[in-house]
Amino acid sequence: MAPRGWGCWRWAARPRARLLSPAATPLGFRQLLSTLELVPHICVVGSGPAGFYTAQHLLKHHPQARVDIYEKQMVPFGLVRFGVAPDHPEVKNVINTFTQTAHSSRCAFRGNVTVGRDVSVSELRDAYHAVVLSYGAEDHRTLGIPGEELPGVLSARAFVGWYNGLPENHKLAPNLNCDTALILGQGNVALDVARILLTPVQLLEKTDITAEALRALRQSQVKRVWIVGRRGPLQVAFTIKELREMIQLPRSQPLLDPADFEGLEDLIKEAPRPRKRLMELLVQTALKPPKADEKAEVPRAWGLRFLRSPQEVLPSPDGGQVAGIRLAVMRLEGSGENAQAVPTGVVEDVPCGLVLSSVGYKSLPIDPTVPFDPKLGIIPNRNGRVLGVPGLYCSGWVKRGPSGVIATTMNDGFLTGQVLLQDLEEGVLPVGPKPGYSSIEPLLKNRGVQPVSFEDWEKLDAEEVAQGQAAGKPREKLVDPQQMLQLIGH
Ligand SMILES: Cc1cc2nc3c(=O)[nH]c(=O)nc-3n(C[C@H](O)[C@H](O)[C@H](O)COP(=O)(O)OP(=O)(O)OC[C@H]3O[C@@H](n4cnc5c(N)ncnc54)[C@H](O)[C@@H]3O)c2cc1C
């Protein structure tokens with residue numbers, strides 16, 4: 001291996017540097033030479049937190065590196081825009097940091113470009129010294145049960161995309177004309193969805209939830225939301241902040257069965273602190289007797305159902321709609337995080353008109369040239385280096401799997417950036433200049449693709465903010481790609 005500090009960049013230009021002694025070289029030419037030597041062109045695929053944090057690290061720790069961020073949506077920020085709930089605006093403040101990164105003269109945003117379709121990963125690898133795949137986990141895990149395709153069964157992913165203005169989910173029109181909704185899965189996404197379904201609509205009016213979702217929620221008949229998990233209370237995947245929000249939700253009451261929490265107190269004692277606090281809150285809520293007058297005036301309710309696994313979605317008599325779900329009653333084998341749920345043979349039918357499956361997100365392979373582990377649903381990698389493909393890296397959910405908050409993704413993005421720069425320094429990456437975007441631009445043009453720049457996004461952003469102003473919202477998200485292209489004059 002080349003000695004540290006003896007990177008390919010210097011090596012590439014060494015013969016020329018030897019011919020021209022520094023004293024004899026005019027300054028401008030020397031500067032040009034050093035630029036040729038030292039400008040790594042790096043491309044990042046995906047503009048969510050992983051993409052932006054990786055780019056931030058590269059730009060900060062390499063004074064010459066240029067980073068192009070490709071994004072299939074017309075707008076940047078991934079799940080910060082399309083995942084994080086509208087009533088969690090503080091979480092979206094990370095957008096300010098991403099915007100700063102995008103404003104760097106060495107960074108460019110190339111939106112409206114789907115890698116794997118409009119441009120291949122091999123083409124990007126030819127154009128850039130390194131390619132970082134940060135394209136997240138955009139698919140959802142299916143339930144694999146009969147009736148899953150019935151109208152009224154939706155993935156939580158699509159439902160979240162709908163209220164957050166993801167163009168492909170704009171026309172989702174979920175059935176809110178029923179009194180019970182049931183969510184499969186007990187993670188934070190499940191609680192986000194339950195909270196949005198039950199929050200008094202006037203509390204959402206000043207958020208950036210779409211006008212369409214607000215309209216539908218205003219007319220919603222949903223009064224009860226069941227949040228169902230295969231395993232027990234000790235295995236829930238949500239965190240205390242989200243649980244507390246549910247407990248404090250105005251005009252809603254929790255439906256928790258004290259029997260589910262019996263005997264847990266001893267087990268909790270041994271649990272790590274965050275889980276212990278979460279469990280204490282759950283037990284306390286479950287055992288708290290409702291005030292006599294409270295029940296009458298609370299119009300809505302949410303509840304946790306444990307040890308239930310979906311077996312079949314039950315159709316309405318005409319077969320055209322969901323009428324309920326058959327759940328297999330489970331018992332636990334083993335304990336703690338690794339406890340397994342096994343069927344007891346007993347089933348239970350729960351009537352509901354809307355079923356949302358929130359059993360996890362899933363990454364998809366992007367391009368046949370990129371290795372993919374279908375079992376783990378990630379790109380096989382070691383610390384972000386894609387196995388067997390030098391110069392190819394990954395970060396974020398596509399690297400680790402679809403769990404973890406933005407802060408986890410940030411650390412992960414920084415780590416991949418660090419590993420890439422280390423490879424650069426050690427001469428692992430290809431030698432010699434690379435054209436970067438200048439060779440991709442004509443390809444996209446020939447293919448009729450119209451990339452969106454960060455400046456274009458800022459025009460759209462200003463339009464959204466202006467449209468939101470009348471209703472007192474931070475923004476009214478644009479959801480029609482054609483209209484967006486028109487607005488930026490494409
Ligand atoms: C519903 C939901 C709510 C959440 N709420 C919170 C919260 O409140 N707080 C918190 O800390 N974390 C939250 N998270 C977690 C957080 O969103 C993730 O940790 C983080 O977004 C993962 O970052 P990522 O960049 O890997 O993926 P993503 O954010 O998904 O970004 C991937 C990007 O790649 C783009 N892309 C995909 N395919 C292609 C392609 N072929 N070509 C080009 N671009 C492509 C996508 O459009 C997307 O912009 C939430 C997650 C979800 C699902």
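Residues numbered from 1 in each chain as written. Predicted model: local features only at pLDDT ≥ 70, side-chain atom pairs only at ≥ 80, totals over all residues. Heavy atoms only, no water.

S.K.: Requested: an account of the site of the ligand, with residues and values cited.
M.R.: Close contacts around the ligand come from 33 residues, with Ala50, Glu71, Trp397, Gly404 and Ile406 the closest. In the environment of the ligand, an oxygen atom lies 3.4 Å from a nitrogen or oxygen atom belonging to the backbone of Pro49. Between the ligand and Gly404, the relevant distance is 2.9 Å, taken from an oxygen atom to a main-chain nitrogen or oxygen of the residue. Within the complex, 92% of the 1,000 Å² of free accessible area of the ligand lies under protein. If you list the elements that add at least two residues to the shell around the ligand, you get helix H3 (49-61), helix H8 (188-198) and helix H15 (406-425). Of the residues that constitute the shell around the ligand, the class distribution is 16 nonpolar, 13 polar and four charged. (Near = heavy atom within 4 Å. Polar contact = N/O pair within 3.5 Å; in protein donor to acceptor, adjacent residues only side chain to side chain. Areas by Shrake-Rupley, 256 points an atom, 1.4 Å probe, with all protein chains shown as cover. Helix = DSSP H or I, 4+ residues; strand = E, 2+ residues; numbered from the N terminus. Nonpolar A, V, L, I, M, F, W, Y, C, P; charged D, E, K, R; others polar.)

S.K.: Describe the nonpolar core, listing the residues and the values that go with them.
M.R.: Where a protein is soluble and globular, its nonpolar side chains tend to be buried together. One finds Tyr163, Val193, Leu197, Val225 and Ile227 to be the most contacted residues of the largest nonpolar core, which totals 48 residues. When residues in this core are grouped by element, the largest group, seven residues, is from H8. (Core = buried A, V, L, I, M, F, W, Y, C linked by side-chain atoms within 4.5 Å. Buried < 20%, exposed > 50% of the residue type's maximum accessible area, 1.4 Å probe, protein only.)

S.K.: Provide a residue-level description of the sheet that holds strand S11 (residues 308-315), including the pertinent values.
M.R.: The strand order across the open sheet built from three strands is S11-S12-S13, with neighbouring strands paired in antiparallel fashion. At either end of the open sheet lies a strand with only one pairing partner, and these are S11 and strand S13 (340-351). With strand direction ignored, the average angle separating the axes of adjacent strands in the sheet is 20°. Bridge count between S11 and strand S12 (residues 322-333): seven bridges; the pairing is antiparallel. Bridge pairing links Arg308 to Val329 in S12. (Pairing = 2+ DSSP bridges. Axes fitted to C-alpha atoms, helices over the stretch in contact; angles between N-to-C directions.)

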